[in-house]
Amino acid sequence: MEKLGKEYKTDSCDVLVVGAGIAGVSAALAAARGGADVILAEREYAPGGMATLGLIAIYLPLCDGMGRQVSYGISEELLRLSIQYGADGPVPAAWLEDGSIEEKKKQRYKVQFNPHLFALLLEQLLRDAGVRILYGALAADVICRDRKVTEVVIETKSGRSSILPGAVIDCSGDADICWRAGTKTKLYPQGNGLASWYYYKNESGVGLRMFGLADITPDSSNAMKTEQKVQEIGQLRFSGVDGYELSEAWQAAHEKMLEDIKAHREKDPAYMPVSISSIPLVRMSRRLEGRETLDRMGFYETSIGMCGDWCKSGPVYEIPFGALCCDTVDNLLAAGRIISVSDEIWNVTRVIPPCAVTGEAAGTAAAMTKNFSEIDIASLQTRLRAGGVRIHEEEL
């Protein structure tokens, strides 16, 4: 670390990943496993993002609902890691124990996990891979020169620092780096509704209260010890990218949560919260408008992996590499819920499996080259296949 004057320090790395949600974890792991020196900068103090800090503790399906697994590689590795010490709901035995296709049709490849334990396991996995994790790091500015991000300014407890990256992967969830780098982005037109999940205990034990907008698959089971009900808890809609608006929305969600807890306690005095979401539950906010846009099912020559539709059985989406790429910045990729997709498909690609798929592809690519406009797609696909990823639907 080099001191610059009284305030600034600089660090450098081959690959800087901004955001340690599932996409960021997957990107950092893939890049480090590919031999890159990786810094993973995260605003909070634990990895996993919405899955862990947000308590959205459901690993949505890796399959198409028709008995076929479609998401592989790190996306499956992390699912299995999340239940290494047991699941918080039914275990998808047919998938974990190589059951028949008929058995797999009856139960999608998804699971409910313990978010606190998952966060600790993710951190251990990253450290074991040699990833340098920097917590409490807010990306405050981006400096670009000659179509490259040359510097990312971060704010930490010790003040402002600069990271000089070879390549950058934006896994912020809100396309913060892409936006600050001047690439073309788009806001989700419908905004976000209020939600504030929390764990509670009563005489029956501990349960997860999916309070507000919830990601519930059609085959969800009450055996998961959750209240399987999608509900609106207010009319407020917010973009997720305005700091003042986001603060107000989160306070409104807390107010509704407190009312909900009080209402439950009136019926059951033993009802008490034990853990609440520590970050705002933002589903879709701002995304990249990239070189390619995922706007349909079907074959993409530049596919880097696939995902199913967590909302319904049948659809399979190949994800083109161009959906991760910026038109104007050659060493910047996007991964997770901010990739370039149509508004209709955004709800499909914002959840854990596609976040892991796109994160792995971005990290693998960043370990190969720092100029993504010149990447050899066939070589990238070969590397991904070597890691167990299925690229095209015809490979299923």
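Owing to the predicted nature of the structure, the values given are computational and were not obtained by experimental measurement. Along each chain, residue indices are assigned from 1 in the same order as the chain's sequence is written. Owing to the predicted nature of the model, reporting of local features is limited to residues with pLDDT of at least 70; listing and counting of side-chain atom pairs is limited to 80 or more, with chain, interface and lining totals taken over all residues. Processing note: side-chain calculations cover all non-hydrogen atoms of the structure and skip hydrogens and water entirely.

**Examining the nonpolar core**
Nine residue types can take part in a nonpolar core, namely buried Ala, Val, Leu, Ile, Met, Phe, Trp, Tyr and Cys, and a core is a set of them joined through side-chain atoms within 4.5 Å. Note on classification: 1.4 Å probe, protein chains only; a residue is buried when its accessible area is under 20% of the maximum for its type, exposed when over 50%, partly exposed between these limits. Counting 104 residues, the largest nonpolar core has Y59, L78 and F321 as the members making the most contacts within it. Setting aside its immediate chain neighbours within four residues, Y59 contacts I74, S75, L78, L79, S82, K110, V111, F113, F118, I352, P353 and A356. Only heavy atoms enter the contact rule, under which two residues are in contact if any of them lie within 4.5 Å.

**Points about the packing of aromatic side chains**
The geometry of two aromatic rings is summed up by the distance between their centres and the angle between their planes. When the centres of two rings from Phe, Tyr and Trp lie within 6.5 Å, Trp using its six-membered ring, the rings pair. Their planes under 30 degrees apart give stacked, over 60 give edge-to-face, and anything left gives tilted. Enumeration according to the criterion identifies six aromatic pairs in this entry. Relative to Y109, the ring of W95 has its centre 5.1 Å away and its plane inclined at 5°; by these criteria the two rings are stacked. In this pair, W95 is assigned in helix α3 (residues 93–96) and Y109 in the loop between α4 (101–106) and β5 (111–112), connecting sequence segments 14 residues apart. Here W95 and Y109 have matching classes, each one buried. Through a chain of ring-to-ring contacts, three or more aromatic side chains come together here, namely Y198, Y200 and Y271. Against the face of Y300 rests R296, its NZ or CZ located 4.0 Å from the ring centre. By definition, any uninterrupted DSSP run of H or I lasting at least four residues is a helix, any uninterrupted run of E lasting at least two residues is a strand, and each is numbered from the N terminus. In our convention, an over-ring charge means Lys NZ or Arg CZ found within 6 Å of a ring centre and within 35 degrees of that ring's normal.

**Observations regarding the environment of L236**
Along the chain, L236 turns up in the loop between β13 (205–209) and β14 (237–238). By relative accessible area, L236 is classed as partly exposed at 38%. With 117 residues separating them in the primary sequence, L236 and A119 have C-alpha atoms 30 Å apart. Setting aside chain neighbours within four positions, we find L236 in contact with N192, G193, L194, A249 and A252.

**Considerations on the pattern of salt bridges**
Salt bridge criterion: a side-chain nitrogen from Lys or Arg within 4 Å of a carboxyl oxygen from Asp or Glu. Following the criterion strictly, the structure yields 18 salt bridges and no others. Among the ionic pairs, E155 bridges to R160, the shortest N-O distance being 2.6 Å. Its salt-bridge partner being D343, residue K186 comes within 3.2 Å of it at the nearest N-O pair. One end of the pair, K186, is in strand β10 (residues 185–187); the other, D343, is in helix α8 (residues 343–349), and 157 residues separate them in sequence. Among the residues examined, K186 registers a relative accessible area of 29% and is labelled partly exposed. Within this structure, D11, D37 and R132 form a network of salt bridges that share partners.

**Regarding the packing of helix α1 (residues 22–33) against helix α2 (residues 74–82)**
Axis angles are defined between N-to-C directions and span 0 to 180 degrees, where every axis is a line fitted to C-alpha atoms and, for a helix, only to the segment in contact. Axis separation between α1 and α2 bottoms out at 11 Å; the angle between their running directions is 115°. When the axes of α1 and α2 are compared, the pair comes out roughly perpendicular. Like other packed secondary-structure pairs, α1 and α2 cross with a definite hand, here right-handed. Contacts between α1 and α2 involve I22, V25, S26, L29, A30 and R33 from the first element and I74, E77 and L78 from the second. Of the residues assigned to the contact of α1 with α2, the class counts are six nonpolar, one polar and two charged. An angle below 35 degrees is read as roughly parallel, one above 145 as roughly antiparallel, one from 65 to 115 as roughly perpendicular, and any other as oblique. In this scheme the handedness of a crossing depends on how the near helix is turned from the far one: anticlockwise by less than a right angle means left-handed, clockwise means right-handed. Here the term charged refers only to Asp, Glu, Lys and Arg, the term nonpolar to Ala, Val, Leu, Ile, Met, Phe, Trp, Tyr, Cys and Pro, and the term polar to all other amino acids, Gly among them.

**So, the side chain of D260**
The topology assignment puts D260 in helix α7 (residues 243–267). Overall, the relative accessible area of 9% leaves D260 in the buried class. We call two N or O atoms a polar contact when they sit within 3.5 Å, provided that within protein one can donate a hydrogen and the other can accept it, with sequence-adjacent residues counted only if both atoms are side-chain atoms. Among the polar contacts listed, one links the side chain of D260 to the side chain of Y198, at a separation of 2.6 Å.

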